[in-house]
Amino acid sequence: MAVSKQRLVVTELREEDLPFLFELWHTSEVMRYADEFPRLRGWSKSDDLRTAWAKYQEKRSTLVKGYTQLILRLVGGMRIGESFFILLPEGYRFGKWEKPEDELCLMGDIKLKPEYWGQGLGTEGMQKVVEWLLGHTDCCLLVVPPHRKNPAAQRVYEKAGFELYRGMRSWRNHKVMELSRERYKRITVSARGRAS
Ligand SMILES: CC(C)(COP(=O)(O)OP(=O)(O)OC[C@H]1O[C@@H](n2cnc3c(N)ncnc32)[C@H](O)[C@@H]1OP(=O)(O)O)[C@@H](O)C(=O)NCCC(=O)NCCS
């Protein structure tokens, strides 16, 4: 069986990662079709670093792993991207998409520094993020909202197992893609079967 070499690792946010995160969120190419989820996150790049860290810890103390900022690093340690996911409240809606009742559901995304795009790192990163989220939380469903003009993001999510929600075309220019824990189990079992 061919084992592909791991290039990325996912780590939880530490205070010293914040300058990297803020710089990424101030990179216009990165943010063109992406958002930093300021409303769900509870703080934003306009906060100073100390306030941001205090707000992150405060929110995390109630939501624990259901509110996690992840940093993507090359195996050598270089930070190259981020992923943020948060538990959606009951009754949460995104256009016609509605959070399934009584199911733990996380919404988020992935962003990489532009110099690392187009080398399969977004796909590897998203696969690692999914593995991390399903391994560290009890959530049943992961949701991502790629911009309708962002085919690279849609493709990365698709390759990590997400499926397009077809109940609407888009809402405020964003589509919804979903990956359930059940589907993830199914596709990883069948991928292992094919590889052995
Ligand atoms: C989205 C993002 C993470 C992708 O990272 P990446 O490292 O370039 O992704 P990969 O190289 O693993 O895969 C990109 C895929 O998109 C495809 N793609 C890229 N541009 C495309 C386009 N214009 N049309 C169609 N497909 C495109 C590539 O061909 C590749 O698919 P393939 O492997 O089947 O050929 C990166 O572009 C990014 O950080 N963008 C800015 C932040 C952002 O928009 N995040 C998403 C928020 S929802």
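Note: the structure precedes this text.
Keep in mind the model is a prediction, meaning the values are calculated, not measured. (Residues numbered from 1 in each chain as written. Predicted model: local features only at pLDDT ≥ 70, side-chain atom pairs only at ≥ 80, totals over all residues.)

Concerning the overall build of the chain
- Helices and strands together make up the secondary structure of the chain, namely 7 helices and 9 strands.
- Taking 196 residues into account, the globule formula puts the C-alpha radius of gyration at 16 Å, and the chain, at 16 Å, falls close to it.
- In terms of overall dimensions, the chain has a C-alpha envelope of 50 × 40 × 35 Å along the principal axes.
- In the chain, which comprises 196 residues, the share counted as buried stands at 28%.
- Across the chain, the fraction of contacts at a sequence separation of at least 24, relative to all contacts at a separation of at least 6, is 65%. (Helix = DSSP H or I, 4+ residues; strand = E, 2+ residues; numbered from the N terminus. Rg over C-alpha atoms; globule rule 2.2 N^0.38 Å. Buried ≥ 20, exposed ≤ 12 C-beta atoms within 10 Å, placed from the backbone. Contact = placed C-beta atoms within 7 Å.)

Description of helix α5 (residues 121-136)
- Over its 16 residues, α5 runs 22 Å from end to end, which matches the ideal 22 Å to within 8%, given 1.5 Å per residue.
- Where α5 is concerned, the buried positions are L121, G122, G125, M126, K128, V129, V130 and L133. (Expected span 1.5 Å × (residues − 1).)

Observations concerning the sheet that holds strand β2 (residues 67-74)
- Across the sheet, which stays open at both edges, the 7 strands sit in the order β1-β2-β3-β6-β7-β9-β8 with mixed pairing between neighbours. Of all the strands in the sheet, the pair left with one neighbour each is β1 (8-12) and β8 (163-164).
- As defined by bridge partners, strand β3 (residues 79-87) adjoins strand β6 (residues 105-112) across 7 bridges and the pair is classed as antiparallel. Within the sheet, the bridge partner assigned to L87 lies in β6 and is L106. (Pairing = 2+ DSSP bridges.)

Overview of the site of the ligand
- Taken together, 22 residues surround the ligand, and among them W117, G122, T123, P151 and A152 come closest.
- Among the secondary structure elements, those contributing two or more residues to the shell around the ligand are β6, α5 and α6 (151-159).
- The greatest single-element share of the shell around the ligand, amounting to 5 residues, is contributed by α6.
- Of the residues assigned to the shell around the ligand, the class counts are 13 nonpolar, 6 polar and 3 charged. (Near = placed C-beta within 6 Å. Nonpolar A, V, L, I, M, F, W, Y, C, P; charged D, E, K, R; others polar.)

Considerations on the packing of α5 against α6
- Between α5 and α6, the shortest axis-to-axis distance is 9 Å and the interhelical angle comes to 45 degrees. What the angle tells us is that α5 and α6 run oblique. Where α5 crosses over α6, the two elements pack in a sense that is right-handed. Every residue of α6 that contacts α5 at G122, T123 and M126 is listed here: V156, Y157 and K159.
- Grouping the amino acids of the contact of α5 with α6 by side-chain chemistry returns 3 nonpolar, 2 polar and 1 charged. (Axes fitted to C-alpha atoms, helices over the stretch in contact; angles between N-to-C directions. Parallel < 35°, antiparallel > 145°, perpendicular 65-115°, else oblique. Left-handed = near helix turned anticlockwise from the far one by under 90°.)

Notes on unusual backbone geometry
- Although it is not a glycine, F37 sits at a positive phi angle of roughly 55 degrees.
- Along the chain, F37 turns up in the loop between α2 (28-31) and α3 (38-41).
- A positive phi is found at R172, a non-glycine position, where the angle reads about 45 degrees.
- The class for R172 is exposed, based on 9 C-beta atoms found within 10 Å.

So, α6
- Where α6 is concerned, the buried positions are A153, V156 and Y157. Projection of α6 onto a plane perpendicular to its axis shows the buried side chains occupying an angular sector of 95 degrees, all on one side.
- Among the structural elements, β6, α5, β7 (141-144) and β9 (177-180) are those in contact with the buried residues of α6.
- G161, located one to two residues past α6, shows a positive phi value of around 110 degrees. (Arc of directions from axis to C-beta.)

With respect to the environment of Y116
- Here Y116 lies in the loop between β6 and α5.
- In this structure the C-alpha to C-alpha distance between Y116 and I80, which are 36 residues apart in sequence, comes to 7.3 Å.

Brief notes about the pairing of β9
- For β7 and β9, the ladder comprises 4 bridges, and the chain directions are antiparallel. Opposite V143, over in β9, you have E178 as the bridge partner.
- Note: β8 against β9, 2 bridges, orientation antiparallel. Across the sheet, residue L164 finds its bridge partner in β9, namely M177.

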